[in-house]
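Observations on the model geometry
Next come the chains, spelled out residue by residue.
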Amino acid sequence: MKTQNLKKLFKASALAITISSSMSAFANPTDQVIAIVGKSAILKSDLDQGVAEAKHQIQAQKKEAPPQNVIESQVLNQLIIQNAQLEQVKRFALQADEKSLNEAVLKVANQSGSKSLEEFQEKLDKLASGTYEVLRARVADDLLIQRLRQQQVMSRIKISDQDVENFLKSPEGQAAVGSTVHVLHLRISGDAPAEELNKTAQAVKTALNSSNDLKAIEKQFSTAAIKIEGADMGTRSLSDIPPELATRVSVINPGQTTDLITVKDGVHVLKLIERKANDKRALVPQFNTRHILIKASEVVSPENAKQMIESIFNRVQSGDDFATLAATYSDDPGSARDGGSLGWVSPGMMVPEFDKTMQSAEIGKVSQPFESQFGWHILQVTDTRQQDMTNEYQKRMARQILGERQFEAELDSWLRELRSSTYIEIKGENK
């Protein structure tokens, strides 16, 4: 088993606590500090537990375990990196919300066969009192580290509009969006000298530029020493074409031929007859929406904010002009200047409370007051439409793919920088 593969095994696993009752979740009285990371300490019991978990995972995967000192070194390194990240979590005062934490712990519970948090807690605490809280704290740490990584690493990823365009034009990008191509393929092979073979291949390419009659080209250029084989590959996804050929096809226009492609089995040339984008369109409902927002503040209590929005709602119902009221009272300056208008809004663009009210609103009717994290709102949908968002979705997908490609590299770089900038002291024989 290669040492570099150990990282995948040594990630903190909350579930590991549930599968080994022999693991101690707490430091014993004779515990000792083996490393200092920033303002936190790594204990010998932390290392022992990490090594035990790593061995359990290696055994579960039926892999050969590396030497003890290698496992200990790798686990200690992972604990150092984990603690360095948790130091940053404290610095930025990140906190896990209860809903996300409960969902994450429940997922671990389900993996261990428990159907509820209560059942899971009872199961764990039978192993050792307080085990459930230890596991919950570890899951919280994992969530906070994930959030820290998203914040720190995503800010380092730079994807330009040109990067997106280049990706969408590439074979991988075109395959991702479902592009199809109709291609003619000719292969020139035989026992003739390379110079003669290439000369014939160039003549075949010239003929293919002006004709799609593969049989005629085969007959015209085939000799006793040179064999010409043609095939209409039909219309197929770029992902179904060998990558070395798909790359050549993706950069030419319909009616053009590729450069000669010399490989072991001969010389190839392809002609692009037609390129089609995926016929599936991303049609999204949109809502022409305007709203009025009243926020609570130092001078406006939450109750007063609610009373104010109710008063404005009643005035609209009595015939007062919505746009005038928005311009006068709304605490959303961006839309207030335009009579409360938010323009065309797609589902998912707004906070859940706003989104739900908007999608269920009757056209032209002002909604009842409702509250979101921003304050109290009323809204009005003046029109709806189905908008083709295919191009936008394709670009968003391309950014996501490119971002995922860069994330691991940027994460490794950030972790190296974090470790080098963090105070680390390894004690005694663990150095």
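Computed from a predicted model, the values in this text were never measured in an experiment. (Residues numbered from 1 in each chain as written. Predicted model: local features only at pLDDT ≥ 70, side-chain atom pairs only at ≥ 80, totals over all residues. Heavy atoms only, no water.)

**Thoughts on the overall build of the protein chain**
Counted only if it meets this: Under the scheme used here, helices are H or I runs from DSSP no shorter than 4 residues and strands are E runs no shorter than 2 residues, and both carry numbers assigned from the N terminus. For every residue, the accessible area obtained with a 1.4 Å probe (protein chains only) is divided by the maximum for its type, and the residue is called buried under 20%, exposed over 50%, and partly exposed between those limits. A contact between two residues is defined here by any heavy atoms of the two lying within 4.5 Å. All accessible areas in this document rest on Shrake-Rupley with a 1.4 Å probe, and a residue is counted as covered only by the protein chains that are shown.
Helix and strand content of the protein chain: 16 helices and 11 strands. Here the protein chain, with 431 residues, has 39% of them falling under the buried criterion. In the protein chain, the proportion of contacts linking residues at least 24 apart, taken out of those at least 6 apart, comes to 70%. Here the protein chain displays about 24,600 Å² of accessible surface, and carbon together with sulfur accounts for 49% of that area.

**Here's the deal with the sheet that holds strand β6 (residues 266-276)**
Each strand in a sheet pairs with its neighbour through backbone hydrogen bonds, running either in the same direction (parallel) or in the opposite one (antiparallel). Worth spelling out the cut-off: Pairing between strands is defined by DSSP: at least two bridges between the two strands are required. In this description, a line fitted to the C-alpha atoms serves as the axis of each element, helices being fitted only across the stretch in contact, and the angle between N-to-C directions of two axes falls anywhere from 0 to 180 degrees.
In space, the 4 strands of this open sheet follow the order β4-β3-β6-β5, with antiparallel pairing throughout. Of all strands in the sheet, those with a lone pairing partner are β4 (226-237) and β5 (261-263), marking the two edges. The average undirected angle you get between the axes of adjacent strands in this sheet is 25°. Bridge count for β5 against β6 is 3 bridges, and the pairing is antiparallel. Residue pairing in the sheet places I261 in a bridge with H268 of β6. Docked against the sheet, helix α9 (residues 194-210) engages β3 (180-190), β4, β5 and β6, running at close to 15° with respect to β6.

**Side note on the nonpolar core**
Note the following rule: Working definition of a nonpolar core: buried Ala, Val, Leu, Ile, Met, Phe, Trp, Tyr and Cys residues. They are joined through side-chain atoms within 4.5 Å.
Formed by 34 residues in total, the largest nonpolar core has its most connected members in I42, L47, V75, L76 and W414. Among the secondary structure elements, those contributing two or more residues to this core are β1 (33-37), α2 (44-60), α3 (68-91), α6 (131-154), α7 (161-169) and α16 (390-421). Element by element, the count of residues in this core is highest for α3, at 9 residues. Beyond its immediate chain neighbours, meaning those up to four positions away, W414 contacts Q85, L148, R149, Q152, V153 and R156. Formed by 16 residues, the second largest nonpolar core is a distinct cluster that contains I188, I217, I226 and V269.

**Considering the environment of A305**
Mapped onto the fold, A305 is located in helix α12 (residues 302-317). Judged by its relative accessible area of 0%, A305 falls in the buried class. With 66 residues separating them in the primary sequence, A305 and E371 have C-alpha atoms 10.0 Å apart. In this structure A305 touches I294, K295, A296, V300 and W376, once residues within four positions along its chain are discounted.

**Considering the pairing of β1**
Inspection of the sheet shows β1 paired to strand β2 (residues 40-43) by 4 bridges, in the antiparallel sense. Each residue of the ladder has a partner; that of V37, found in β2, is S40. Inspection of the sheet shows β1 paired to strand β11 (residues 424-426) by 3 bridges, in the antiparallel sense. The residue bridging A35 from the neighbouring strand is I426, located in β11.

**Regarding the packing of α3 against α6**
Formally: Our angle categories are set so that under 35 degrees counts as roughly parallel, over 145 as roughly antiparallel, 65 to 115 as roughly perpendicular, and the remainder as oblique. Side-chain classes are defined by residue name, with Ala, Val, Leu, Ile, Met, Phe, Trp, Tyr, Cys and Pro counting as nonpolar, Asp, Glu, Lys and Arg as charged, and the others, Gly among them, as polar.
α6 packs onto α3 with a crossing angle of 75° between their chain directions and a minimal axis gap of 10 Å. One way to sum up the angle between α3 and α6 is to call them roughly perpendicular. Contacts between α3 and α6 pair Q82, Q85, L86, Q88 and V89 from the former with D141, D142, L144, I145, L148 and R149 from the latter. Here the contact of α3 with α6 is built from residues that sort into 5 nonpolar, 3 polar and 3 charged.

**Section: the pattern of salt bridges**
Cut-off, in case you're wondering: What counts as a salt bridge is simple: a side-chain nitrogen of Lys or Arg found within 4 Å of a carboxyl oxygen of Asp or Glu.
Scanning the model with the defined rule gives 14 salt bridges in all. Between E410 and R156 there is a salt bridge whose closest N-O contact spans 3.2 Å. Taken together, the residues span a long stretch of sequence, with E410 in helix α16 and R156 in the loop between α6 and α7 at a distance of 254 residues. You can call E410 partly exposed: its relative accessible area is 22%. Under the relative-accessibility criterion, R156 is labelled partly exposed at 24%.

**Describing unusual backbone geometry**
Backbone phi values are negative for most residues with the exception of glycine, while trans is the configuration of most peptide bonds. At A93, a residue that is not glycine, the phi angle is positive and equals roughly 55°. What makes A93 exposed here is its relative accessible area of 58%.

**Digging into α2**
Keep this limit in mind: Here a helix's expected span is defined as the number of its residues, less one, multiplied by 1.5 Å.
Taking 1.5 Å per residue, 17 residues should reach 24 Å; α2 reaches 24 Å between its end C-alpha atoms and fits that length. All buried positions along α2 are accounted for by S45, L47, Q49, G50, V51, E53, A54, Q57 and I58. Downstream of α2 by a residue or two, K62 has a phi angle that is positive, lying close to 55°.

**Focus on the confidence of the model for the protein chain**
Going by this rule: Scored from 0 to 100, pLDDT records how confident the predictor is in each individual residue.
For the protein chain, the mean per-residue pLDDT works out to 85, and 88% of the residues sit at or above 70. Below a pLDDT of 50 lies the segment residues 1-27, which in the model reaches 63 contacts outside its immediate sequence neighbourhood of four places, other chains included.

**Considering the packing of α7 against α16**
Two numbers describe how α7 lies on α16: the axes approach to 9 Å, and their chain directions differ by 100°. Relative to α16, α7 is oriented roughly perpendicular. Residues D161, D163, V164, E165, F167 and L168 of α7 pack against Q394, K395, A398, R399, I401, L402 and R405 of α16. Residues of the contact of α7 with α16, tallied by class, amount to 6 nonpolar, 1 polar and 6 charged.

**Things to note about the sheet that holds β2**
The 3 strands lie next to each other as β2-β1-β11, forming an open sheet whose pairing is antiparallel. Single-partner strands in this sheet number two, and they are β2 and β11. Recorded for the sheet is a direction-independent mean angle of 20° between the axes of neighbouring strands. Packing against the sheet, α3 makes contact with β1, β2 and β11, and its axis sits at approximately 155° to β2.

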